[in-house]
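# Structural overview for review
Spelled out, the chains give:
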Amino acid sequence: MMLRPRMWQSVAGWMMAAVLVLLVPDIRVPQNGAYAFTLYFGKLEWAIGFRVFCLAGGLLWAMAADHRQRCVPRRHERTVGVYRTMAAIAV
């Protein structure tokens, strides 16, 4: 089965988001998040900041892939809208 170029973009976006969210952060990210609720920042390291940055980037990437998949019209949907507009103007 061949995927269309638009579908490949969605698949690539979701795969990159999954890598950034699931594989890059380790257990120290939620651990330091729990310590932050008690206002204890003794275990905070610079590497944790980079992992949190990757986690946020992965979530943004997933949101962009979801938006691309849901909101960007397909080619045939745009032409149908143009023809409906032209028919409404003609009537």
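Residues numbered from 1 in each chain as written. Predicted model: local features only at pLDDT ≥ 70, side-chain atom pairs only at ≥ 80, totals over all residues. Heavy atoms only, no water.

### Considering the overall build of the protein
Looking only at helices and strands, one finds 4 helices and 0 strands in the protein. Of the regular secondary structure in the protein, the N- to C-terminal order runs α-α-α-α. Within the protein, buried positions represent 13% of all 91 residues. Relative to all contacts within the protein whose residues are 6 or more apart in sequence, the contacts with residues 24 or more apart total 74%. (Helix = DSSP H or I, 4+ residues; strand = E, 2+ residues; numbered from the N terminus. Buried < 20%, exposed > 50% of the residue type's maximum accessible area, 1.4 Å probe, protein only. Contact = heavy atoms within 4.5 Å.)

### Quick look at the packing of helix 2 (residues 28-37) against helix 3 (residues 46-71)
With their axes 10 Å apart at the nearest point, helix 2 and helix 3 run at an angle of 105° to one another. Taken together, the axes of helix 2 and helix 3 are roughly perpendicular relative to one another. In this structure, helix 2 uses Arg28, Val29 and Asn32 to contact helix 3, whose residues at the interface are Ile48, Arg51, Val52 and Leu55. Within the contact of helix 2 with helix 3, the residues separate by chemical class into 4 nonpolar, 1 polar and 2 charged. (Axes fitted to C-alpha atoms, helices over the stretch in contact; angles between N-to-C directions. Parallel < 35°, antiparallel > 145°, perpendicular 65-115°, else oblique. Nonpolar A, V, L, I, M, F, W, Y, C, P; charged D, E, K, R; others polar.)

### What to know about the pattern of salt bridges
A complete count under the given rule lists 3 salt bridges for this structure. The partner of Asp26 in a salt bridge is Arg51, and the shortest N-O contact between them spans 3.7 Å. With a gap of 25 residues between them, Asp26 in the loop between helix 1 (5-23) and helix 2 and Arg51 in helix 3 connect regions that are remote in the sequence. The class of Arg51 is partly exposed, set by a relative accessible area of 22%. Close ionic contact of Arg28 with Glu45 constitutes a salt bridge, the shortest N to O distance being 3.1 Å. Taken as a pair, Arg28 in helix 2 and Glu45 in the loop between helix 2 and helix 3 lie far apart in primary sequence, 17 residues in all. For Arg28, a relative accessible area of 25% corresponds to the partly exposed category. (Salt bridge = Lys/Arg side-chain N within 4 Å of Asp/Glu carboxyl O.)

### Description of a nonpolar patch on the surface
Residues Met16, Val19, Leu22, Leu23, Val24 and Trp61 make up a contiguous nonpolar surface patch of roughly 570 Å² in combined accessible area. Top element by residues in the nonpolar patch is helix 1. It accounts for 4 residues. Among the secondary structure elements, Leu23 is positioned in helix 1. When its relative accessible area of 64% is taken as the criterion, Leu23 is described as exposed. (Patch = residues over 30% accessible without salt bridge, like charges linked within 9 Å, V, L, I, M, F, W, Y side chains within 5 Å. Areas by Shrake-Rupley, 256 points an atom, 1.4 Å probe, with all protein chains shown as cover.)

### Regarding the environment of Cys54
Mapping Cys54 onto the fold places it in helix 3. It is 9.5 Å that separates the C-alpha atoms of Cys54 and Ala17, two residues lying 37 residues apart in sequence.

### Some thoughts on the environment of Gln69
Its location among the elements puts Gln69 in helix 3. Of the residues examined, Gln69 reaches a relative accessible area of 35% and is grouped as partly exposed. Along the primary structure Gln69 and Gln9 are separated by 60 residues, whereas in three dimensions their C-alpha atoms are 9.1 Å apart.

Purely spatial values, then, with no claim about function.
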